Amino acid sequence: MKRRIAWLLAACLALAACAAPAEPEGGEEGALIYYLVPEEEARGSDRIRAVRTPLGLPEDADSQEAAQAVVERLLAGPLSGELESPLPEGVELLHLELRDQIAHVDLSEELRELSGVSLAMADYCLTLSLTALESVRAVRITAQGRPVGQQPRQLFYERDVLLSDMDDVLQSVEVSLYFLDAGGALAEERRTLSLYEGQTLAETLVAALLEGPENRELQRAIPEGFSVNYVRVENGVCYVSLPASSLEILPAEEQAQWMLLWSLADSLYSLEAIEEIRLLADGEELKEFGQIPVERIAVRPMG
């Protein structure tokens, strides 16, 4: 399927639509590392190009070591003089941790030199390079532990960067996602989700909920690191399968558990096709979610 780079910032439109990275250079060996084509050479076409680069890792290297090697290779800059690094000179990797297939990447303060298009490009190259690894599904990028500039997102998925052509959009649907306001109550955030081939509305909604709110005055009720195995809707029943790791990080306070559960349930019930919700773990239906009986959210509320 043909793909294009989707801009997170409207200013990126000035660079024209970017096609998906061409076939990677460097043969078939090595990791995919994404760099920039100089703007004067891109001439309105794709500015991001993948290069297969050996990482020099031992055969028994684990996922954490592979992810760290990818970032360090990107920071070292391209081996070819025909490409450019998306990152400012002097940026260093301070810390990288891989949890629940999310790579938490903390870089040095020099990253704050970037803004606008340049920051978006750096986010894209880091995300594409890391999600090319089977062990990474999303990337969180910070500088000395804090968000950078006006990054509109804090958690990046490959789908945020590589999107199908508009011709491949099956439909756009407006949904309600529920997050916490400043007073700790659930607040609605209206969001328009685009569905592409192979995606379902329920799974796309849950993915957007896990990413967190776009409104900076809201915050997520779902703890960081909470993930979902799959979401499936059959005959009006929505099955949400949770990994054991998500159940292990539930907040200890009963009220916080309620808000998490209501955030998920109210968001899913914004879809007219869903009448019931079932939570699963290890293939078995959950009766309790922490201290909360799951039956309390199992059926769409009346009215």
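A quick note: this is a predicted structure, and the numbers were derived from the prediction, not measured.

A. Local environment of the overall build of the protein chain. Looking only at helices and strands, the protein chain features 7 helices and 17 strands. When burial is assessed residue by residue, the protein chain has 47% of its 303 residues classed as buried. Long-range pairs, those at least 24 residues apart, make up 62% of the contacts in the protein chain between residues at least 6 apart in sequence. Looking at the protein chain as shown, the accessible area adds up to about 15,200 Å², and 46% of this sits on carbon and sulfur atoms.

B. Layout of unusual backbone geometry. In this structure, Gln144 takes a positive phi of about 50 degrees despite not being glycine. Taking the relative accessible area as the measure of exposure, Gln144 reaches 47% and is therefore partly exposed. Even without glycine at this site, Asn235 takes up a positive phi of about 50 degrees. Within the secondary structure layout, Asn235 lies in the loop between strand S12 (230-234) and strand S13 (237-242). A relative accessible area of 84% places Asn235 in the exposed class.

C. Main features of the confidence of the model for the protein chain. Of the residues in the protein chain, 82% have a pLDDT of 70 or more, and the chain-wide mean is 81. The spread of mean pLDDT over the elements of the protein chain runs between strand S1 (residues 3-5), the lowest at 34, and helix H7 (residues 254-268), the highest at 95. Segment residues 1-23 is flagged for pLDDT under 50; beyond a separation of four residues in sequence, or across chains, it makes 69 contacts in the model. This model gives residues 163-169 a pLDDT under 50, and the stretch forms 19 contacts once residues within four places in sequence are excluded.

D. Representation of the packing of helix H5 (residues 201-211) against H7 in the model. Axis separation between H5 and H7 bottoms out at 10 Å; the angle between their running directions is 145 degrees. The chirality of how H5 crosses H7 is right-handed. Touching Ala202, Leu205, Val206 and Leu209 of H5 are Ser263, Leu264, Ser267 and Leu268, all from H7.

E. Up close: the side chain of Ser263. Inspection of the secondary structure puts Ser263 in helix H7. Overall, the relative accessible area of 1% leaves Ser263 in the buried class. Beyond its immediate sequence surroundings of up to four residues, Ser263 is in contact with Tyr178, Leu186, Leu209, Ala221 and Ile222.

F. The sheet that holds strand S6 (residues 102-107), seen in detail. If you trace the 4 strands from one edge of the open sheet to the other, you get S5-S6-S7-S8, paired in mixed fashion. The sheet terminates laterally at strand S5 (93-99) and strand S8 (155-157), the two strands that pair on one side only. Across this sheet, the average inter-strand angle for adjacent strands is 20 degrees, counted without regard to direction. Strands S5 and S6 of the sheet are contacted by helix H2 (residues 63-76), whose axis makes an angle of about 145 degrees with S5.

G. Structural context of the nonpolar core. Counting 41 residues, the largest nonpolar core has Ile48, Val105, Leu111 and Leu130 as its most contacted members. Counting only elements with at least two residues in this core, the list comes to strand S3 (31-36), strand S4 (48-53), H2, S5, S6, helix H3 (116-131) and strand S7 (138-143). Take this core: its biggest share by element is 9 residues, from H3. With residues near it in sequence (within four places) discarded, Leu130 still touches Ala67, Val70, Val71, Ala103, Val105, Val136 and Val139.

H. Broad picture of a negative patch on the surface. The grouping of Glu39, Glu40, Glu41 and Glu82 at the surface amounts to a negative patch. Within the secondary structure, Glu41 sits in helix H1 (residues 39-42).

I. Spotlight on the pairing of S12. Summarising the sheet, S12 and S13 pair through 5 bridges and their orientation is antiparallel. Bridging from a neighbouring strand, Tyr230 pairs with Ser241 of S13. Here S12 hands over to S13 after 2 residues, with Asn235 in that stretch at a positive phi of 50 degrees.

J. How the structure looks around H3. Across its 16 residues, H3 extends 22 Å between first and last C-alpha, which sits within 8% of the 22 Å expected from 1.5 Å per residue. With 13 of 16 residues buried, H3 is to be regarded as a mostly interior element.

K. Structural detail: H2. In this model H2 runs 20 Å from its N-terminal to its C-terminal C-alpha over 14 residues, within 8% of the 20 Å that 1.5 Å per residue would give. Of the residues making up H2, those classed as buried are Ala66, Ala67, Ala69, Val70, Val71, Arg73 and Leu74. Against S3, S4, S5, S6 and H3 lie the buried residues of H2. Among the residues of H2, the N-terminal cap falls to Asp62, whose side-chain oxygen and the backbone nitrogen of Gln64 are separated by 3.3 Å. Backbone geometry just after H2 places Gly77 at a positive phi near 95 degrees.

Rules behind the numbers
Residues numbered from 1 in each chain as written. Predicted model: local features only at pLDDT ≥ 70, side-chain atom pairs only at ≥ 80, totals over all residues. Heavy atoms only, no water. Helix = DSSP H or I, 4+ residues; strand = E, 2+ residues; numbered from the N terminus. Buried < 20%, exposed > 50% of the residue type's maximum accessible area, 1.4 Å probe, protein only. Contact = heavy atoms within 4.5 Å. Areas by Shrake-Rupley, 256 points an atom, 1.4 Å probe, with all protein chains shown as cover. pLDDT = per-residue confidence, 0-100. Axes fitted to C-alpha atoms, helices over the stretch in contact; angles between N-to-C directions. Left-handed = near helix turned anticlockwise from the far one by under 90°. Pairing = 2+ DSSP bridges. Core = buried A, V, L, I, M, F, W, Y, C linked by side-chain atoms within 4.5 Å. Patch = residues over 30% accessible without salt bridge, like charges linked within 9 Å, V, L, I, M, F, W, Y side chains within 5 Å. Salt bridge = Lys/Arg side-chain N within 4 Å of Asp/Glu carboxyl O. Lys, Arg positive; Asp, Glu negative; His and termini not counted. Charge placed at Lys NZ, Arg CZ, Asp CG, Glu CD. Expected span 1.5 Å × (residues − 1). Polar contact = N/O pair within 3.5 Å; in protein donor to acceptor, adjacent residues only side chain to side chain.

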